[in-house]
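Given next are the chains, with one letter for each unit.
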Amino acid sequence: MNDNFQFVSLSQLKEKFPEDSWWARFYQDFSEDTLAACYDGDLTLPSLDLDWEKPFPEQQETILIFVDGNLTVGNLYNENTDGAIGLMVMGDLTAKNMAVGGQEIYIGGSLLVEEILCGSYNHGETIVKGNLHATALVRDDEYRFKTSGNQWIGCTVDAWEGDGVCQELPVDIRDVLVDDIFLDVEDDDDDIGFSFGMLVSVLRKSRPALKNLNEALQRKSAVHPYFTDNILNEDNIMKLTRSVLMPDDKHYFDFEEHEVYFRVNREYVDADNDILKPGIYIKDDDNHYFIYLEEEQAVSLQRKTMDEGAEWEDITHVPLEQLSDFTYYWTTLLNCANVAELYLPVIERSYLEEVLQHPVVQALDPSGEEDDGFWDGSKYYTFRQAHTDEDGDDLNARIEIQTPDGAYYFYTLDNEKYVSRHYQPPNQYGREDISYLNSRRWEASERFFMRFKQFISKEMAGDVNE
């Protein structure tokens, strides 16, 4: 036990209680019999049980543990969420796992949880004045975590619906927590079987409660990538012009990645009825690059600086190892096309059109602005039909998915060849392009849509059976 430990009445401590703590706001009439276990300085414990029946230290009248320093603990928990011993740490709290409820946990510094952070029921609250870091947050909608600083949670799962997000990818709670935490339920039962008491039991026995998340985070691999090499040759140029990114109604596609602009042209007839060969234009802050096929299908490479009056120079025969910037851009372009080929064809345009025309969706607000959609317990789905807005702008049909962490994914019918996808980060406004180099976000957009398909199929089937 810490040598700087003493039992004191709460009335002796009240001057130290922060103004925004429960103890300062609600509990001023302290009896001399209600005690706090007070530690002056830093404290390290192998575990800490905050249940009334098993207080630490052994003192029946203790209702608060006050640490005037940092607290480092293995597992911190209590099972009775109707009421439990309070904890106030004026410095940082560092724990391997934390599963609490029924009291205020007040942390004047930062909270760092190595594995699982779980709060249960609405009789408790954790207030963190600094930053909050945890590998996995098991979220009960009624429990409150208030953070004044930055918050980083690797994985968030819902204790009752079972859905979650782990590093942007959708996951199931059973992929995150060990099986011993769940009760047996019938296959057709909506209850996922999560038990807070069993989680505490696992922690009390110092057994692992968090699964290895590598399997849950495993992404789709390109077994047969569209491009199998990075050679600058006719074959790869022609494959770019035939990729899924090339629209049917235009002779080119373009995009920007990391402030570098790419445009790929297929063969086409210009306004003067001249046939123009396939070509690729790349622009960074310093140079323009142009790749094109000559009559005999030889590859030609030219470069021009951004200087006023600069002229194109032929660098076809300069070894590529001396053109490091261009080589990087060329490889980036092929990698982007590989990602597009892997993900864009998966969501069929015809399926999206079918969903948007179904009576159960047609009955919703066609503009998608009246908060009119479907909630599956953790994700919200809204729909916008193609229409002209009040400003005369034509808006394309789309489906929006709001994820459990507050991000949005958009699936839009603005391309004749594929379903366009966009992303909006949590707590921000305005959709953005999904970078082709961010394969995790593409994977997340696909997984969320697959879960949407499962959900909406039941909704549409229910509409038919009514």
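Keep in mind it's a predicted model, so treat the numbers as computed, not measured.

Novice: What exactly am I supposed to notice about the sheet that holds strand β9 (residues 111-119) here?
Specialist: Where strands meet in a sheet, backbone hydrogen bonds hold them as pairs that are either parallel or antiparallel. Spatially, the 8 strands line up as an open sheet ordered β3-β5-β7-β9-β11-β13-β14-β15, and their pairing is mixed. Here the strands that pair on one side only, and so sit at the sheet edges, are β3 (43-49) and β15 (169-172). When the angles between neighbouring strand axes are averaged without regard to direction, this sheet yields 20°. Summarising the sheet, strand β14 (residues 163-166) and β15 pair through 4 bridges and their orientation is antiparallel. Bridge pairing links V165 to P170 in β15. Strands in contact with helix α3 (residues 196-204) are β3, β5 (71-77), β7 (93-100) and β9; relative to β7, the strand with the most contacts, it is inclined by about 140°.

Novice: Can you walk me through helix α6 (residues 349-357) in this structure?
Specialist: Among the residues of α6, those classed as buried are R349, Y351, L352, V355 and L356. Seen from one end, α6 has its buried residues packed into an arc of 160°, which puts them on one side. Residues of α6 that are exposed and angled more than 90 degrees away from the buried face: E354 and Q357.

Novice: How do you make sense of a negative patch on the surface when you look at a structure like this?
Specialist: A cluster of acidic residues, E369, E370, D371, E390, D391, D393 and D394, forms a negative patch on the protein surface. Tracing the chain through its elements places D394 in strand β27 (residues 394-395).

Novice: I tried to follow the packing of helix α4 (residues 234-241) against helix α5 (residues 324-343) on my own but got confused; where do I start?
Specialist: The relative placement of two packed helices is expressed as an angle between their axes plus a distance between the axes. Remark: α4 packs on α5, axes separated minimally by 11 Å, with the N-to-C direction vectors making an angle of 45°. On the basis of the axis angle, α4 is oblique to α5. Classified by chirality, the crossing of α5 by α4 is left-handed. Mapping the contact onto sequence places N236, I237 and L240 in α4 and W330, L333, L334 and A337 in α5.

Novice: Just checking my understanding: could you explain the pairing of strand β8 (residues 104-107) for this structure?
Specialist: Two faces make up the sheet, and in a regular strand the side chains alternate between them. Side chains E104 and Y106 of β8 all project onto a buried face; the interleaved residues I105 and I107 project onto the opposite face, where all are buried too. Pairing of strand β6 (residues 86-89) with β8 involves 3 bridges; the strand directions are parallel. Among the inter-strand pairings, V89 is bridged to a residue of β8, identified as I107. Note: β8 against strand β10 (residues 125-128), 4 bridges, orientation parallel.

Novice: Can you walk me through the pattern of salt bridges in this structure?
Specialist: Opposite charge on two side chains lets them pair, provided their charged atoms get close. If you walk through the whole model with that rule in mind, you get 19 salt bridges. Ionic pairing is found between R204 and D51, a salt bridge with its closest N-O pair at 3.4 Å. Remark: D51 occurs in the loop between β3 and β4 (62-68) and R204 occurs in helix α3; sequence separation between them is 153 residues. What makes R204 partly exposed here is its relative accessible area of 29%. The class of D51 is buried, set by a relative accessible area of 5%. In this structure, the salt-bridge partner of D172 is R451, at a minimum N-O distance of 3.2 Å. Of this pair, D172 sits in strand β15 while R451 is found in helix α8 (residues 439-465), placing the two residues 279 residues apart along the sequence. You can call D172 partly exposed: its relative accessible area is 33%.

Novice: Before we go on, may I ask you to explain the confidence of the model for the chain in this structure?
Specialist: Reading fine detail from the predicted coordinates is not recommended where pLDDT is low. Looking at the chain, the pLDDT average stands at 90 and 95% of residues meet or exceed 70. Between the elements of the chain, mean pLDDT differs from a low of 84, seen in helix α1 (residues 10-13), to a high of 98, seen in β7.

Novice: Any chance you could explain the packing of aromatic side chains here in plain terms?
Specialist: This structure, assessed with the given rule, holds 30 aromatic pairs. Taken together, Y351, F374, Y381, F383, Y411, F449, F452 and F455 form an aromatic cluster joined through their ring pairs. Of note, R263 hangs over the ring of Y252, and the distance from its end group to the ring centre comes to 3.6 Å.

Novice: It is not clear to me how the environment of T403 should be interpreted in this structure. Could you clarify?
Specialist: By secondary structure assignment, the location of T403 is in the loop between β28 (398-402) and β29 (408-412). Judged by relative accessible area, T403 falls into the buried class, the value being 4%. Residues T403 and L169, spaced 234 residues apart in sequence, show a C-alpha to C-alpha distance of 9.9 Å. Aside from chain neighbours lying at most four places away, what touches T403 is S378, K379, Y409 and F448. In terms of polar contacts, T403 uses its side chain to reach the side chain of D405, at 2.3 Å.

Novice: Looking at this structure, how should I read the side chain of S445?
Specialist: Take S445: it is sitting in helix α8. Beyond its immediate chain neighbours, meaning those up to four positions away, S445 contacts Y409, Y411, R421 and I434.

Novice: Would you mind showing me how to read the nonpolar core here?
Specialist: Nonpolar side chains in soluble globular proteins tend to end up buried together. Counting residues in each nonpolar core, the largest one holds 93 residues, and the members touching the most others are F194, W330 and F383. Looking at this core element by element, the count peaks at 10 residues for α5. W330 has contacts with N230, I231, L232, N236, I237, L240, I280 and I291, leaving out every residue within four places of it along the chain. Core analysis: the second largest hydrophobic core is formed by 29 residues, A37, Y39, V67 and M98 among them.

Criteria and thresholds
- Residues numbered from 1 in each chain as written.
- Predicted model: local features only at pLDDT ≥ 70, side-chain atom pairs only at ≥ 80, totals over all residues.
- Heavy atoms only, no water.
- Pairing = 2+ DSSP bridges.
- Helix = DSSP H or I, 4+ residues; strand = E, 2+ residues; numbered from the N terminus.
- Axes fitted to C-alpha atoms, helices over the stretch in contact; angles between N-to-C directions.
- Contact = heavy atoms within 4.5 Å.
- Buried < 20%, exposed > 50% of the residue type's maximum accessible area, 1.4 Å probe, protein only.
- Arc of directions from axis to C-beta.
- Patch = residues over 30% accessible without salt bridge, like charges linked within 9 Å, V, L, I, M, F, W, Y side chains within 5 Å.
- Areas by Shrake-Rupley, 256 points an atom, 1.4 Å probe, with all protein chains shown as cover.
- Salt bridge = Lys/Arg side-chain N within 4 Å of Asp/Glu carboxyl O.
- Lys, Arg positive; Asp, Glu negative; His and termini not counted.
- Charge placed at Lys NZ, Arg CZ, Asp CG, Glu CD.
- Parallel < 35°, antiparallel > 145°, perpendicular 65-115°, else oblique.
- Left-handed = near helix turned anticlockwise from the far one by under 90°.
- pLDDT = per-residue confidence, 0-100.
- Phe/Tyr/Trp six-rings, centres within 6.5 Å; stacked < 30°, edge-to-face > 60°.
- Lys NZ or Arg CZ within 6 Å of the ring centre and 35° of its normal.
- Polar contact = N/O pair within 3.5 Å; in protein donor to acceptor, adjacent residues only side chain to side chain.
- Core = buried A, V, L, I, M, F, W, Y, C linked by side-chain atoms within 4.5 Å.

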